[in-house]
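If you want the building blocks of each chain, they are given just below.
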Amino acid sequence: MPVPIETPFGPLAAVADWLRANGIDPDDVPLEGPIAIERDRLGKWSIRYAALLRNEAGHRYVDPATDDAAREERTTPLKVDPPANVQVTSL
């Protein structure tokens, strides 16, 4: 039986399922995150996360300024709360 892959937020499969349930492609989120839940000024909850960027051909690319994978911070409305085995920071 394969050993489950752990991320800083919990088991990879559980984190990926939760991201998908909230309309986020888990392949676009780095394993190390960041991923956090935050409340805006109107009291609505959203997920703030890093998204790996892709070029016009759909390939990830390196940011020349950081020499690391290009990424940007994104937010999306929280539709589904994380399950007990997914631990994300609340801001």
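Before going into details, it helps to say that this report is about the structure given with it.

Rules of the game
Residues numbered from 1 in each chain as written. Predicted model: local features only at pLDDT ≥ 70, side-chain atom pairs only at ≥ 80, totals over all residues. Heavy atoms only, no water. Helix = DSSP H or I, 4+ residues; strand = E, 2+ residues; numbered from the N terminus. Buried < 20%, exposed > 50% of the residue type's maximum accessible area, 1.4 Å probe, protein only. Contact = heavy atoms within 4.5 Å. Areas by Shrake-Rupley, 256 points an atom, 1.4 Å probe, with all protein chains shown as cover. Lys, Arg positive; Asp, Glu negative; His and termini not counted. Charge placed at Lys NZ, Arg CZ, Asp CG, Glu CD. Pairing = 2+ DSSP bridges. Salt bridge = Lys/Arg side-chain N within 4 Å of Asp/Glu carboxyl O.

## A closer look at the overall build of the chain
Counting its regular elements, the chain contains one helix and eight strands. Start at the N end of the chain and walk to the C end: the helices and strands fall as β-β-α-β-β-β-β-β-β. Expressed as lengths along the three principal axes of its C-alpha atoms, the size of the chain is roughly 45 × 35 × 20 Å. Counting the 91 residues in the chain, one finds 34% classified as buried. A separation of at least 24 residues holds for 51% of the contacts in the chain among residues at least 6 apart in sequence. Entry remark: accessible area of the chain is about 6200 Å², with carbon and sulfur atoms responsible for 54%. Each charge sign in the chain was given a centre, from 10 positive and 15 negative side chains, and these centres are 7 Å apart.

## Here's the deal with the side chain of Ser46
Along the chain, Ser46 falls in strand β4 (residues 45-52). In this structure, Ser46 is in contact with Ala36, Ile37, Glu38, Thr75, Thr76, Pro77 and Leu78, ignoring residues within four places of it in sequence.

## Focus: helix α1 (residues 12-21)
Within α1, burial applies to Ala14, Val15, Ala16, Trp18 and Leu19. Structurally, α1 contributes buried residues whose contacts are with β1 (6-7), β2 (10-11), β3 (35-39) and β4. Within two residues after α1, Gly23 carries a phi angle of roughly 80°, on the positive side.

## Notes on the sheet that holds β3
Spatial strand order, β7-β4-β3-β8: four strands in an open sheet with mixed pairing. Two strands lie at the open edges of the sheet, namely β7 (71-77) and β8 (89-90), each paired on one side alone. Bridge analysis of β3 against β8 gives two bridges, and the strand direction is parallel. Residue pairing across strands places Ala36 opposite Thr89, the latter belonging to β8.

## Details of the pairing of β4
When you tally the buried positions in β4, you get six out of eight residues, the bulk of the element. Here five bridges tie β3 to β4, and the two strands are oriented antiparallel to one another. By the bridge assignment, Glu38 is partnered in β4 with Ser46. Counting the residues that bridge the hairpin from β3 to β4 gives five residues, and of these Gly43 lies at a positive phi of roughly 85°.

## Overview of the pattern of salt bridges
Evaluated as defined, the whole model comprises seven salt bridges. Of the charged contacts in the structure, one is a salt bridge between Glu32 and Arg71, with a shortest N-O distance of 3.3 Å. Of this pair, Glu32 sits in the loop between α1 and β3 while Arg71 is found in strand β7, placing the two residues 39 residues apart along the sequence. The exposure class of Glu32 is partly exposed, given its relative accessible area of 48%. One connected set of salt bridges, linked through shared partners, spans Glu32, Asp68 and Arg71.

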